Amino acid sequence: MKTKIHPSYLLPLLVLLLSSCLGLTRPEEEEKRVSDDHLMIKEVFSSGTYTPDVKWGSGFVGPASYDYDKYIIIYNPTSKVIYLDSLCIARTAFQMDLAIDLKGDEEFTETHCPVDNIMMFPGSGHDYPINPGEEKVLTAVAVNHTLSREEMMKKYTFVSESFFIGGTSTENKKACDLSGADFEWLTPSQMRNNYFYYLEDTNTVPNLIPVFAGFQYNNPECEGQFDVPENRTLLLVKLGVPPTDLDQEKYWWDYETGHENSFHSLETPHHKAHVKGDAHCVKLPNEWVIDAVSICPQKNYKRTRVSKEIDAGYNSVREGRESDAQQGSWRGYSLQRKYNGERFQDTNNSTTDFEKQAATLLTIPPKKLYNPNVTFVDGHSYRMTVGQKEFFIRAKVSPRNAKETAVTWTSSDPSIAEVKGTPTKPRTGISAAWITGLKPGTVTITASLANGAEDVCTLVVEAPKE
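Residues numbered from 1 in each chain as written. Predicted model: local features only at pLDDT ≥ 70, side-chain atom pairs only at ≥ 80, totals over all residues. Heavy atoms only, no water.

Trainee: Looking at this structure, how should I read unusual backbone geometry?
Mentor: Most peptide bonds take the trans configuration, and most residues that are not glycine carry a negative phi. Cis geometry is adopted by the peptide bond preceding Pro 372, which originates at Asn 371 and carries an omega value of 5°. Structurally, Pro 372 is set in the loop between β18 (354-358) and β19 (373-376). In this chain, Ser 398 is followed by Pro 399 through a cis amide linkage whose omega measures -5°. Mapping Pro 399 onto the fold places it in the loop between β21 (391-398) and β22 (408-411). If you check the backbone angles, Ser 86 has positive phi at about 70° while not being a glycine. Within the secondary structure layout, Ser 86 lies in the loop between β5 (82-83) and β6 (87-92). (Helix = DSSP H or I, 4+ residues; strand = E, 2+ residues; numbered from the N terminus.)

Trainee: Would you mind going over the sheet that holds strand β24 (residues 430-437) with me for this structure?
Mentor: Paired through their backbone hydrogen bonds, the strands of a sheet run either parallel or antiparallel. One open sheet holds the four strands; their spatial order is β19-β21-β24-β23, and the pairing between them is antiparallel. Of all strands in the sheet, those with a lone pairing partner are β19 and β23 (417-421), marking the two edges. Each strand axis lies, on average, 30° off the axis of its neighbour in the sheet, ignoring direction. By the bridge criterion, five bridges tie β23 to β24 in an arrangement that is antiparallel. Bridge pairing in β24 places Glu 418 opposite Thr 436. (Pairing = 2+ DSSP bridges. Axes fitted to C-alpha atoms, helices over the stretch in contact; angles between N-to-C directions.)

Trainee: Just checking my understanding: could you explain the sheet that holds strand β1 (residues 40-45) for this structure?
Mentor: Ordered in space as β10-β9-β4-β1-β17-β18, the six strands form an open sheet in which the pairing is mixed. What marks the edges here is a single partner per strand, and that holds for β10 (183-184) and β18. Bridge count for β1 against strand β4 (residues 71-75) is five bridges, and the pairing is antiparallel. Bridge pairing in β4 links Val 44 to Ile 72.

Trainee: Where do I start with the pattern of salt bridges in this structure?
Mentor: Note on pairing: side chains with opposite charge can pair once their charged atoms come close. Evaluation of the coordinates by the stated rule reveals 13 salt bridges. Between Lys 42 and Glu 135 there is a salt bridge, with the nearest N and O atoms lying 2.7 Å from each other. Taken together, the residues Lys 42 in strand β1 and Glu 135 in strand β9 (residues 135-139) connect sequence positions 93 residues apart. Here Glu 462 ties to Arg 383 by a salt bridge, and the two come within 2.5 Å at their closest N and O atoms. Of this pair, Glu 462 sits in strand β26 (residues 454-462) while Arg 383 sits in strand β20 (residues 381-385), placing them 79 residues apart in sequence. According to the relative accessible area criterion, Arg 383 is exposed, its value standing at 53%. Sharing partners across several salt bridges, the network here consists of Arg 91, Asp 116 and Arg 232. (Salt bridge = Lys/Arg side-chain N within 4 Å of Asp/Glu carboxyl O. Buried < 20%, exposed > 50% of the residue type's maximum accessible area, 1.4 Å probe, protein only.)

These values are about where atoms sit, not about what they do.
Structure representation (structure tokens):
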């Protein structure tokens, strides 16, 4: 007996077959791909701040930077309470700006992530909840970084006076007050022995627990300290085994770095067991990864070190290894997950999921960045005479293929100078404004976009010469 297929079933079947062949996705599949059913890494700040005109004790006036107020924000986008207890923050072992090719059984990134540092949240299961819509701040040490060195010494306890945190009172006033952070990723021992801090941990902020670093497992005195990567992948992980179980051969991977390594001479049981190289990492199964963000400057990128299922892209607040004179272009900015007004974007691609923006926890953040943005082409100061003909100012919208490129032109005083804009040209992104000078005076001309981006210039209208 043959089974007949009713004609009404043929169309859905045909659509399904075509979708499979063409790589199309159903709406529910797209919804699953853009997932927000798990904890997210919402923001990563590692750039520090920059002040171009600090007055030093010697009387010298010049630039200064502050690097010690790094932080990570974890966010709960779900509708349920999630517990951070025993979750981990990890860092991949390889730098993405190095072209090291893995061969044979060393190329395991489609199934595992090679990590060189794992730090675990404390708690026994239900001690550290993160409620729906709530975020938690992680930092190295929970102190107020806006304080000067002298103020730091009065407020906190140091084991040495050689610490680096707390600069001049001017230098770090832009920095973050992280005294209210939720977790510290340095242990009390690491704080005391870290020459940036040399700090006694006297607060009640919970510390993350070292699981692995270098050749050392589950050692609270571990010298391999976690830090926010600038050329690696940052991972939020839920271990599939107890931390002590990672110290077994099926999770080991040894490799040669080609460099001197302080661990190479250590007489430890772990190092004696690892004879294949001078460096060692742990292979974490990809299914243990909850979220990831890959960080690498665009101009320096060479190789990815995780599967595309973990992260298909990378991002950075820097374009490359900018000079000291260019510090203002990246210091003070963080990588932030994009928000469309309803949800945070998560397509497992850091290139599209994250954007460079002014760090949210800075006391004095830098200028907000806009996309698209508008800038004057020929400078920010102009002069013309009353009655002068064919005087115009140009502004450029970038990227020029943005959806909203219409520029609105305004004059702060239309009785001095009138301004009339022209449509933005699609090929160049340029919008020109024709200016008519009506009487002597100074006005501000503003070019703005619908998203709030704007640029401002000064126009001096002079009386015609007799």
